[in-house]
Amino acid sequence: MKTPFRVAFAGLLALMTTPLLAADKVEIALPTPDAILARLQKGHPRLFATDAEFAVLKTQVQTNARLKSNWAKFREAGDKILTQEPSKYEIPDGLRLLATSRRVLDRVGRLALLYRIEGDKKWLDRAWAELDAAAHFKDWNSAKHFLDTAEMTAAFAIGYDWLYDSWTPQQRATLKTAIVEMGLKPALEIYRKQTWWAVATHNWNQVCNGGIGMGALAIGDEEPALCGEILHDAIESLPRAMQHFGPDGAWNEGPGYWGYATKYNVFILAAFDSALGSDYGLSQIPGFPQTGDFPPFFTGPVGKTFNYADAGDKAGGESQMFWFANKFNNEGWAAWQANWIENGSGSTFDYIWGARWFANADGSAKVAPKLAALPLGRYFRAAEVVSMRSDWDDKNQIFVGFKAGDNKANHSHLDLGSFVMDALGTRWVSDLGSDDYNLPAYFGNKRWTYYRLRAESHNTLVFNPNDGPDQDPKAATQVTKFDLKDCCTLAVADLTNAYAKDAQSVKRGIGLLDGNQVLVQDEITAKAPSKLFWFLHTPAKIEVAENGQSATLSIGDKKMLARLLAPANAKFSVLDAKPLPTSPNPTGQHENKGISRLTIELNDVTTTRLRVLLTPLSGPETPAAPEEKALSDW
């Protein structure tokens, strides 16, 4: 058994631009297995909610008009499950059972909550059919893809705990055996070896610790030796990933994986609180109490995120935002999530954590939470990402997400310097997102051969393109200036490390000027005369002016003007969103239909300043171009 230790987060100092205050240093005292289990609440349910809390929720959803209406839609989704066959053991890609695990989790959580609130045995019987089928799978795919195991264990933990008093002894035995044999025992081997996800610093850590920890809490009083050791190891493991929320709440895997990582991070911390009465200080790790800020700042007005790294751009409701609001007393985060439950797409945990924001305990109406007044721009340190917008309430606002960051971060692309842009209710500048994870060596030695993962597929620069990586895969870069003014929001990133093979200095500045146009300015000094590409990916139709100095982008009846202000000899052209002739082009990649590249191609570049002004055309007059200034004078 490991001896108690203390985890300090002084290592974050090197990532920050200002030193940690003494109050910001968090130490986690690692409890012994016996001490953990001594705190375990007796009886069930003990994960996330007690009998009394379920009774309050029942009153809220049955008597509060706002919740009652949406509960009917929640029930409709349950009715659809009644018509569907239980999940089967399916690994369509030869690697992942994950889709099945997630389906079981969604179904069991929904059906269990419906039964707790409504008491109709049809929900209980269908939940059993789902769980019984998965309990008889040959395994939960722990050898190939442990995320599948973790998410399935989470499903069984909820089913076992929330419905404990309604199961027969034989049913409980079936569920407990599945949790132990296909979830906890495979996890214990990994904890004891201190390998794989137990020592990972990314989302696998939180998902695996979260799902497995939930299983251990559900049956901890029945299997104390096994569960105590697992819970001890989970508490030891979690800070390895959670430190990356520091110093101010961003997530270097991007908004998509923020949702996945925080979902299970919150699952286990919420389960610790409800089952043990303490999360042992984990929720106070630097940056975690602020991480609820991350989704609002990196979601644009058109409902798309700045989807850097391996992610799509669709924004979705994240029920853990309600938990963050509860835990850290932030009404604005509840308001951010509230629209998802309001429009009828609320999930199981929207009700568990979110109902209190709409109704009092007796079901009477409560004033809906309001989004707090937020600044129009934000720089998140360590993750090195910037958000800027012209307004929060106007759907036609300009929104820009801009990143520097670290190409070594998990799931990252070679996208340092890239940005996205929304305006006029449309996304004009797009990130293509991930490709197919099942492409050969997608996470291995072929990763930088795939177009969507290379710099040339992002809205950034490429030097001297060839068949090698087009940014240094080990490069880390920083935002060196961020300024939020009444007239404008400005950010400058030093990207030199990304292009060190070819350049002495590469800096990019992006400015949102007067709330009505965006300036992208690059200042470059090459080591030798170089070919240079500037790329902007867009779903718009592009018409380049005859002189090549401007281009009009059109989406329906909406238009945006791109003006090439410098250098004088540069011209716009249009390329398809596919690899350059000198780049690798493996088969099986997405074709990127409907996307074009607004391009600037320069030859024999030594020192240059590239200035492109993007102006949404919303009135009869086109705003004037700003005077030219060096980035050092921004």
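If you're wondering where the values come from, they're calculated on a predicted model, not measured in any experiment. (Residues numbered from 1 in each chain as written. Predicted model: local features only at pLDDT ≥ 70, side-chain atom pairs only at ≥ 80, totals over all residues. Heavy atoms only, no water.)

## Concerning the layout of surface pockets
Taken as a whole, the second largest pocket spans an internal volume of roughly 440 Å³. Taken together, 20 residues form the lining of the second largest pocket, with F48, E53, N326, I352 and W353 sitting closest to its centre. Those elements that place two or more of their residues in the lining of the second largest pocket are α2 (51-63), α10 (254-276), α12 (320-328) and α14 (348-354). If one sorts the elements of the lining of the second largest pocket by residue count, α2 sits on top with 5 residues. Looking at the lining of the second largest pocket residue by residue, the classes come out as 13 nonpolar, 3 polar and 4 charged. (1 Å grid on protein atoms, 1.4 Å probe; cavity = no way out; pocket = protein on both sides within 12 Å on 5 of 7 lines; lining within 4 Å. Points joined across faces, edges and corners; volume = space filled by probe spheres on them. Helix = DSSP H or I, 4+ residues; strand = E, 2+ residues; numbered from the N terminus. Nonpolar A, V, L, I, M, F, W, Y, C, P; charged D, E, K, R; others polar.)

## Quick word on the side chain of T477
Checked against the element boundaries, T477 lands in strand β10 (residues 476-484). Of the residues examined, T477 reaches a relative accessible area of 5% and is grouped as buried. Residues in contact with T477, not counting those within four places in the same chain, are E384, A404, G405, L416, D494, L495, N497 and A498. (Buried < 20%, exposed > 50% of the residue type's maximum accessible area, 1.4 Å probe, protein only. Contact = heavy atoms within 4.5 Å.)

## So, the state of the cysteines
Put plainly, two cysteines are in a disulfide when a covalent bond ties their sulfur atoms together. Considering all chains together, one arrives at 0 disulfides under this definition. Considering cysteine sulfurs only, C227 is the nearest to C208, which forms no disulfide, with 17 Å between them. Take C208: its relative accessible area is 0%, and that puts it in the buried class. (Disulfide = S-S within 2.5 Å.)

## Considerations on the sheet that holds strand β5 (residues 399-403)
Across the sheet, which stays open at both edges, the 5 strands sit in the order β3-β4-β5-β7-β8 with antiparallel pairing between neighbours. Both edges of this open sheet fall to β3 (377-380) and β8 (426-429), since each of them pairs with a single strand only. Averaged over all pairs of adjacent strands, the angle between their axes in this sheet comes to 15°, without regard to strand direction. Here β5 runs beside strand β7 (residues 419-423); their pairing, made up of 4 bridges, is antiparallel. (Pairing = 2+ DSSP bridges. Axes fitted to C-alpha atoms, helices over the stretch in contact; angles between N-to-C directions.)

## Here's the deal with the packing of α10 against α12
Packing of α10 against α12 leaves a shortest axis separation of 9 Å and a crossing angle of 50°. As far as their axial angle goes, α12 and α10 are oblique. Like other packed secondary-structure pairs, α10 and α12 cross with a definite hand, here left-handed. Residues W258, G259, T262, K263, V266, L269, A270 and D273 of α10 pack against Q320, M321, W323, F324 and K327 of α12. Within the contact of α10 with α12, the residues separate by chemical class into 7 nonpolar, 3 polar and 3 charged. (Parallel < 35°, antiparallel > 145°, perpendicular 65-115°, else oblique. Left-handed = near helix turned anticlockwise from the far one by under 90°.)

## A look at the packing of aromatic side chains
Overall, the coordinates contain 49 aromatic pairs when judged by the stated rule. Aromatic side chains F463 and Y499 sit 5.0 Å apart centroid to centroid with 50° between the ring planes, which places their arrangement in the tilted category. Of this pair, F463 sits in strand β9 (residues 461-463) while Y499 sits in the loop between β11 (488-494) and β12 (503-513); the two residues are 36 residues apart in sequence, bridging distant segments of the chain. Counting every residue linked through ring pairs, the aromatic cluster contains F48, F54, W162, Y257, Y260, Y264, F267, F349 and W353. Sitting above the plane of the Y260 ring, R102 keeps its charged end 4.8 Å from the centroid. (Phe/Tyr/Trp six-rings, centres within 6.5 Å; stacked < 30°, edge-to-face > 60°. Lys NZ or Arg CZ within 6 Å of the ring centre and 35° of its normal.)

## Some details on empty space enclosed by the protein
For the coordinates displayed, the defined rule picks out 1 cavity of 30 Å³ or more. Of the volumes computed, that of the largest cavity is approximately 60 Å³. As for the largest cavity, its lining consists of N252, Y308, A309, A383, K403, G405, D406, A409 and S412. For the lining of the largest cavity, a count of residues per class yields 4 nonpolar, 3 polar and 2 charged.

## Remarks on the environment of V462
Relative to the helices and strands, V462 resides in strand β9. You can call V462 buried: its relative accessible area is 1%. Residues V462 and Y437 lie 25 residues apart in sequence; the distance between their C-alpha atoms is 24 Å. In this structure V462 touches A455, E456, D470, K531, L532, F533 and F535, once residues within four positions along its chain are discounted.

## Describing unusual backbone geometry
Look at the link from H44 to P45: it is a cis peptide, with omega at -5°. Following the sequence through the fold, P45 ends up in the loop between α1 (33-38) and α2. Here the residue pair A566 and P567 is connected by a cis peptide bond, since its omega of 0° sits within 30 degrees of zero. Within the secondary structure, P567 sits in the loop between β16 (558-566) and β17 (572-576). For H411, which is not a glycine, the phi torsion comes out positive at approximately 70°. Along the chain, the position of H411 falls in the loop between β6 (405-406) and β7.

## As for the packing of helix α4 (residues 98-118) against helix α6 (residues 146-162)
The geometry of α4 relative to α6 is characterised by a closest axis approach of 8 Å and an angle of 15° between their N-to-C directions. In terms of orientation, α4 and α6 fall into the roughly parallel class. Here α4 runs over α6; the crossing is left-handed. Listed contacts from α6 to L98, T100, S101, R102, V104, L105, V108, G109, A112, L113 and R116 of α4 are L147, D148, E151, M152, A154, A155, I158, G159 and W162. The class makeup of the residues in the contact of α4 with α6 is 12 nonpolar, 4 polar and 4 charged.

## Focus: the nonpolar core
Counting residues in each nonpolar core, the largest one holds 129 residues, and the members touching the most others are F48, L113, F156, W162, L217, F272 and W353. Counting residues per element, this core draws most heavily on α10, at 14 residues. Once you skip the residues sitting within four places of it in the chain, F156 turns out to touch L131, A134, A135, W140, L175, A178 and I179. Among the nonpolar cores identified, the runner-up in size contains 49 residues, and F419, A498, V520 and L598 belong to it. (Core = buried A, V, L, I, M, F, W, Y, C linked by side-chain atoms within 4.5 Å.)

## What about the pattern of salt bridges?
Note that side chains of opposite charge can pair when their charged atoms are close. Overall, the coordinates contain 32 salt bridges when judged by the stated rule. Between R381 and D248 there is a salt bridge; the shortest N-O distance is 3.6 Å. In this pair, R381 is assigned in the loop between β3 and β4 (385-389) and D248 in the loop between α9 (224-242) and α10, connecting sequence segments 133 residues apart. Here R381 and D248 have matching classes, each one buried. Linking R454 and D470 is a salt bridge whose minimum nitrogen-to-oxygen distance equals 3.7 Å. Of this pair, R454 sits in the loop between β8 and β9 while D470 is found in the loop between β9 and β10, placing the two residues 16 residues apart along the sequence. (Salt bridge = Lys/Arg side-chain N within 4 Å of Asp/Glu carboxyl O.)

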